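Overview (structure and organization)
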Amino acid sequence: MTVLKEPAPSLDVREGTYGEKVAAVEPGGAEFIPLAERHGRPRQLLWTWTSPNLEFATVFLGVLAVGAFGLSFWQAALAIVVGTALGSVTHGVLSARGPAHGVPQMVLSRISFGHWGNALPAGLNAVVAGIGWFAVNSVSGALALNTLTGWPQALCLVIVVVAMVVLAFFGHNLVHAFEKYALPVLAVVFAVASVIILAKSHPGAPGHGGGMGGFLLTVGATFGYAAGWNPYAADYTRYLPAESSRKAVGLYAGLGVFVSCVVLEIVGAASVTIGGDALGQPTSAFTGHLPTAVADLTLVAIALGGIAANALNVYSGAMSFVALGIKLPMTLRRAIVAVVFGAIGFVVALSGLHDAGQKYEAFLLVISYWIGPWLAVVLLDQYLRRGTDVDGLLFDRRHRNWAGPVAMLVGVVLSVWLFSNQQKYVGPVPKHVKSVGDIAFEVGFVISALVYLVLRRPKAGRAGEV
């Protein structure tokens, strides 16, 4: 990988002065970050990727493993570790590329998909991150605030959405700072709540017929949750100095995701063994196991954690949109797009205040359906291009690599058609062999990798490739 000393002539360089200012709106959009603007250390990624997962959406994933997928606590714990580890490792690998290239993840994706073919993953991520994930976390934060205060759910939603959008509007530095200062509060509150839940739980309780199907569903859902951050990875490492250690960047980013997700998901799984309406009233059921003072603090932490997660979601959703290549003349184009996404996400979240559990389960699986094939193309292409200078492809509108979007589409369509297993659609394989569960993301990854290997031409590093 080439470490840049000066911006290549072919790079679109972000205009304006930003530096380390926190109370300033980040200028520009998805352009290369000038070397003079680089700052920070790899260890900051630990809190940047820990805080967003200290929220109830993480806890509820563990709840689903036992309450909806029928696993015992220990089966759920194993599936959680496996799925989260896969998504965390890929997150670390992708994060490590940010400092050297100085661009967001969905601009790096152009190398594998071509300038226009990249509209497929970038467009999907803009919708999933800026609207889908934003709605999911807005709902969990609003329900926590509603349970704590008794205020109308719609008002609680407005409060948490405004906080999330303000953070994303100001941009990169404020998002990092917020995650840093939110971490001690979130960590202490959730640590106390976790100890109480684990002490009351019954880990030896049997499962309810989840079997291999439930295990694979949990692996897919937990992978989807952890890997849901993958398309954002370089967004939060591109400001680091170009000479930053790739190992340190990847380790801190991956570790932040892995530890936070595994701990809270296992606690969520344990909470189901205590009793209560974990699926129907998930927030109140979870906090109902806690002493009143701890329960109230946990509700505050759930709302704060939702804000921490959505600051990243709406920021990266806007980043993916501007990475589509649409020319927006405004100096604050990323910031304006973040506000628009927040408004749309608010409307979607309103519809999700009811029946949140089933909608969340389906959403997690849908994420893994497209991220698996996208990852296969990106990681395989990165391996095949090792040792090649690819910076000239990042902003070259002539760059074509149709093998990327074709391989991704084939992987998504075939894997979902054959192996999807959720409320809205069950594929022919799990319909006839229930023990298979949902392995769409694993199958999609393999299919896309094989198709890409077949279609990709040699000498793929040249601009203008077809």
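Residue positions are given per chain, counted from 1 along the sequence in the order it is written. Per-residue local features are limited, in this predicted model, to residues with pLDDT of at least 70; the limit for side-chain atom pairs, both in listing and counting, is 80 or more; totals at the level of whole chains, interfaces and linings are taken over all residues. The basis for every side-chain value is the complete set of heavy atoms in the structure, and neither hydrogens nor water enter the calculation.

1. Quick look at the confidence of the model for the chain
Put simply, the chain has an average pLDDT of 89, and 92% of its residues get 70 or more. Across the chain, each position has a pLDDT score giving the predictor's confidence in that residue, from 0 to 100. Note on contacts: a residue pair is in contact if any heavy atoms of the two residues lie within 4.5 Å. Across residues 460-466 the pLDDT falls below 50, and counting only partners more than four positions away or on other chains, this stretch makes 21 contacts in the model.

2. So, the packing of aromatic side chains
Centre distance within 6.5 Å is the pairing criterion for rings of Phe, Tyr and Trp, where only the six-membered ring of Trp is used; planes under 30 degrees apart are then read as stacked, over 60 as edge-to-face, and the remainder as tilted. Tallied over the entire structure, the rule returns 13 aromatic pairs. Look at phenylalanine 223 and phenylalanine 441: their rings are 4.2 Å apart centre to centre, the planes differ by 10°, and that puts the pair in the stacked class. Taken together, the positions of phenylalanine 223 in helix α10 (residues 211-227) and phenylalanine 441 in helix α18 (residues 440-455) put the pair 218 residues apart, joining distant regions of the chain. Residue phenylalanine 223 is classed as buried on the basis of its relative accessible area, which comes to 4%. Taking relative accessible area as the criterion, phenylalanine 441 reaches 8% and is therefore assigned buried. An angle of 55° between the planes, with centres 6.2 Å apart, marks the rings of tryptophan 370 and tryptophan 374 as tilted. In this pair, tryptophan 370 and tryptophan 374 are both assigned in helix α15 (residues 356-384), four residues apart and thus about one turn of the helix distant. Tryptophan 374 matches tryptophan 370 in its accessibility class, with the two residues each being buried. Grouping aromatic residues by their ring pairs yields a cluster made of Trp49, Trp229, Tyr232, Tyr236 and Tyr315. Lying across the ring of tyrosine 383, arginine 386 places its NZ or CZ 4.0 Å from the centre. Helix and strand assignments come from DSSP, with helices taken as H or I runs of at least 4 residues and strands as E runs of at least 2, each series counted from the N terminus. Each residue is placed in one exposure class: buried if its accessible area under a 1.4 Å probe, protein chains only, is under 20% of its type's maximum, exposed if it is over 50%, and partly exposed if it falls in between. Whether a charge sits over a ring comes down to the Lys NZ or Arg CZ being within 6 Å of the ring centre and within 35 degrees of the ring normal.

3. Thoughts on the packing of helix α9 (residues 172-200) against helix α11 (residues 246-272)
Remark: α9 packs on α11, axes separated minimally by 9 Å, with the N-to-C direction vectors making an angle of 35°. Every pair of crossing elements has a handedness; the one defined by α9 and α11 is left-handed. Along its contact with α9, which presents Phe190, Ser194, Ile197 and Leu198, the element α11 presents Leu264, Val267, Ala270 and Ser271. Each residue gets one of three labels, nonpolar for Ala, Val, Leu, Ile, Met, Phe, Trp, Tyr, Cys and Pro, charged for Asp, Glu, Lys and Arg, and polar for the others, Gly among them. Classifying every residue of the contact of α9 with α11 gives six nonpolar, two polar and no charged. Where helices are involved, their axes are fitted lines through C-alpha atoms of the stretch in contact, as for all axes, and angles between N-to-C directions lie from 0 to 180°. It is the rotation of the near helix from the far one that decides the hand of a crossing: anticlockwise by less than a right angle makes it left-handed, clockwise makes it right-handed.

4. Observations regarding helix α7 (residues 119-149)
For α7, built from 31 residues, the straight-helix expectation of 45 Å at 1.5 Å per residue is met to within 8% by its first-to-last C-alpha distance of 43 Å. Among the 31 residues of α7, 24 are classified as buried, and the element is accordingly described as predominantly covered. Between the first and last residue of a helix there are one fewer steps than residues, each counted as 1.5 Å, and that sum is the expected span.

5. Re the side chain of threonine 298
Here threonine 298 is to be found in helix α13 (residues 292-322). Residue classification places threonine 298 among the buried residues on the basis of a relative accessible area of 0%. Polar contact is defined as a pair of N or O atoms within 3.5 Å, subject to the rule that within protein one atom must be able to donate a hydrogen and the other to accept it, and that residues adjacent in sequence are counted only when both atoms are side-chain atoms. A polar contact of 2.7 Å, which involves the side chain of threonine 298, links it to the backbone oxygen of valine 294. Discounting chain neighbours no more than four positions away, the residues touching threonine 298 are Val189, Phe190, Ala193, Phe286, Thr287 and Leu290.

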